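Coordinate inspection notes
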Amino acid sequence: MSESRGKLNRRGFLRLSAVAATGVVAAGCVPAVPTAAPTTAPDASAATAPASEPVAPAGLAGKFTWGTQGKWDEKTEAEWETARLANQLMKKWLEKQPEAQIEQVPIAGALNEWIRTQLTGGTAPDVTFMWRYPDIFRAEWWLDLNPELDKKNPYSTNAMWRDDFRSDILEYGLAEKGELILLAVTLKGGWGQVAWLYNEDMFKKAGAQVPKTWSELLVACKKIKDAGMIPFYQGAGGDSAWMLDWLFSLVFDMLAEKTVLPKLWEHIDPTDKWKPGTPPSAKQMAHALKTGALSVKGEEFKEAFKIVKDFSQYWQSDFLAPPDTASGDWWTQGKVAMRWAGMWDIKPLLNEIQPAFEWGTLLMPSITSETSALGTGAAQRHLGGSEGGSARADLPFMVPKTTLDKPTLPLVLDFMQFCTAPEQIDWFNKNYDPPGYEPGTPIEQIFPDEKKRKAYQAYYTDVEGRNGVQPLSALSNGANKAQIAIMQNYLGDKLSLDQALDQLDQAVAQELDKVIAENPDWNANDWQ
């Protein structure tokens, strides 16, 4: 493998893993929205009849700041589709508004932690790239865009700006009382965000089959390990510890399919219903924990902890240590048979890294009754994105209320109108890799090329569904961090299973009290 390719491995995987920790999978933690969207239209195709031809406003001048997930330079563009297309949209808009300027303000570290600091200090950029993190998705901090959406978008032929959107994308941006505080480009089709990569050559060498169930996974892992190879690379320490939450959450989601989750939806606050296709909100998860619909000492948590630990015997030996970024990515070097990957990893794999072996993607194998009495054989749900087979939000915009009194607000709104107009949404879908597609389109039509089809296979979905539930991430970032730290100690044999669950129960109780105290309008004392 060339030196340049080795460098790209580190940049394309280890760096993008950090992107996933703050980005998607942020998207994977996004809470649900109310089912009722005030005056939202159906899909743009069925919206109001055209009003007039688009005409860009004249005379806009000045500079606004845009908080972006890192600096979207040429390096980032090569790795991340959203950054690549966002930069092109910026250039296209600046051609329409030559007297305007955009200053990128790179968000350092975790998006939600960074923006929370800026919001509380009154120093947030004029507009920001931001997902629905439970601890910052609050109408008190963000501009309600409903009044603006009732006006015409000058870059669209529709009568109102809201007619440019699919109704589910608008619903995604709603706060608890119907405030519309997030707008995003509509990416059609049900591309999921989280799956596994596998090295086909290593499976063949070990005489193992690519698994579909958890019991088949353990059989394959044993064969690969017995053949002197490492079955799975699992991030569990340092900057890669968030991958442990991915694994735990998806195992929990499968185990809770017919037990906790139906009860959770039944017990949700009647004024804040769960919407299929989205994870629960912080309020909904707090309600479930406080009323006993969900308990971290329940069988689902206990079984998930045990299954994860049993799987850990097939990971790299130093999985609890921070990843050695100097050594590059083990999977691309052919040192491990499987590893996690976000959909954003696929493009650099296909175009630049080009591993020297046959490979593909698979969903995390299903947990059946052969593995656990709670196993149902349910397929892995994706984290992030939106409901399968429909559409998902991309390039999310949120405007802090501090921008309301600034002269930059007209520039911000005009830029958002341009990016979300039908012409740009169509362009975004056609140029995204993989492209947005009409729901129900077979993957063979999207990717006639077998190599590309194998690479994206696990991320494609052609059915409506819901996202996987990340139970403690949905409550708060603090609960998620506590869970990861306790799991690390459990996997390292510093805690027994009972000790780990006792500590987690105490940590979640503290976080629950904190979250409820921060949201007095929930009236949590009345929950039953």
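Residues numbered from 1 in each chain as written. Predicted model: local features only at pLDDT ≥ 70, side-chain atom pairs only at ≥ 80, totals over all residues. Heavy atoms only, no water.

1. Some points on the nonpolar core
Counting 167 residues, the largest nonpolar core has Trp66, Trp214 and Phe311 as the members making the most contacts within it. With 11 residues, helix H10 (residues 242-255) is the largest single contributor of residues to this core. Contact partners of Trp214, with chain neighbours within four places excluded, come to Trp196, Leu247, Val251, Ile307, Phe311, Met364, Pro365, Ser366, Ile367 and Thr371. (Core = buried A, V, L, I, M, F, W, Y, C linked by side-chain atoms within 4.5 Å. Buried < 20%, exposed > 50% of the residue type's maximum accessible area, 1.4 Å probe, protein only. Helix = DSSP H or I, 4+ residues; strand = E, 2+ residues; numbered from the N terminus. Contact = heavy atoms within 4.5 Å.)

2. Focus: the environment of Ser156
Relative to the elements of secondary structure, Ser156 occurs in the loop between helix H6 (146-149) and helix H7 (167-172). Remark: the alpha-carbon pair of Ser156 and Gln417, spanning 261 residues in sequence, is separated by 8.5 Å. A distance of 3.0 Å separates the side chain of Ser156 from the backbone nitrogen of Asn158, its partner in a polar contact. (Polar contact = N/O pair within 3.5 Å; in protein donor to acceptor, adjacent residues only side chain to side chain.)

3. Points about the packing of aromatic side chains
Applying the stated criterion across every chain yields a total of 41 aromatic pairs. Where Trp214 meets Phe311, the ring centres are 5.2 Å apart and the plane angle is 70 degrees; that geometry is what we call edge-to-face. Of the two residues, Trp214 sits in helix H9 (residues 214-226) while Phe311 sits in helix H13 (residues 299-311), which places them 97 residues apart along the sequence. In terms of burial, Trp214 and Phe311 fall into one category: buried. By way of ring pairs, the aromatic residues Phe64, Trp66, Trp72, Trp80, Trp93, Phe129, Trp131, Tyr172, Phe397 and Phe415 are connected into one cluster. Directly above the aromatic system of Trp427 lies the positively charged group of Lys92, at a separation of 4.9 Å from the ring centroid. (Phe/Tyr/Trp six-rings, centres within 6.5 Å; stacked < 30°, edge-to-face > 60°. Lys NZ or Arg CZ within 6 Å of the ring centre and 35° of its normal.)

4. A closer look at helix H20 (residues 477-491)
Along its 15 residues, H20 runs 21 Å from first to last C-alpha, staying within 8% of the 21 Å computed at 1.5 Å per residue. Of all the residues in H20, the buried ones are Ala479, Asn480, Ala482, Gln483, Ile484, Ile486, Met487, Tyr490 and Leu491. On its buried face, H20 is in contact with H10, H13, helix H19 (471-475) and helix H21 (497-518). Following H20 by one or two positions, Asp493 has its phi on the positive side, about 65 degrees. (Expected span 1.5 Å × (residues − 1).)

5. Comments concerning helix H15 (residues 409-420)
Under the 1.5 Å per step criterion, the end-to-end length of H15 is 17 Å for 12 residues, consistent within 8% with the ideal 16 Å. Of all 12 residues in H15, 11 are buried, a share of seventy percent or more. Within H15, the full set of buried residues consists of Leu409, Leu411, Val412, Leu413, Asp414, Phe415, Met416, Gln417, Phe418, Cys419 and Thr420.

6. Focus: the pattern of salt bridges
Here the structure, examined in full by the defined rule, presents 20 salt bridges. Among the ionic pairs, Asp150 bridges to Arg162, the shortest N-O distance being 2.9 Å. Of this pair, Asp150 sits in the loop between H6 and H7 while Arg162 sits in the loop between H6 and H7, placing them 12 residues apart in sequence. Owing to a relative accessible area of 1%, Arg162 belongs among the buried residues under this scheme. The residue Glu200 makes a salt bridge to Lys454 at a minimum N-O spacing of 2.8 Å. With a gap of 254 residues between them, Glu200 in helix H8 (residues 200-206) and Lys454 in helix H18 (residues 450-456) connect regions that are remote in the sequence. Exposure remark for Glu200: the relative accessible area of 17% places this residue in the buried category. Through salt bridges with shared partners, a single network forms among Glu81, Arg84 and Lys347. (Salt bridge = Lys/Arg side-chain N within 4 Å of Asp/Glu carboxyl O.)

7. Section: the pairing of strand E7 (residues 336-342)
With respect to burial, E7 is a largely interior element, 7 of its 7 residues being buried. Alignment of strand E5 (residues 194-199) against E7, held across 5 bridges, turns out to be antiparallel. Among the inter-strand pairings, Ala195 is bridged to a residue of E7, identified as Ala341. Here strand E6 (residues 230-233) pairs with E7 via 3 bridges, running parallel. When the bridges of E7 are listed, Tyr233 appears paired with Arg339. (Pairing = 2+ DSSP bridges.)

8. A closer look at unusual backbone geometry
Across residues other than glycine, the phi torsion is negative in most instances, and most of the peptide bonds are trans. In the segment running from Asp433 into Pro434, the intervening peptide bond is cis, with an omega of 10 degrees. Structurally, Pro434 is set in the loop between helix H16 (422-431) and helix H17 (443-446). Even without being a glycine, Gln354 presents a positive backbone phi close to 45 degrees. Within the element layout of this structure, Gln354 appears in the loop between helix H14 (346-353) and strand E8 (359-362). The phi dihedral of Asn523 falls on the positive side, at around 55 degrees, and the residue is not glycine. Considering the arrangement of structural elements, one finds Asn523 in the segment after H21.

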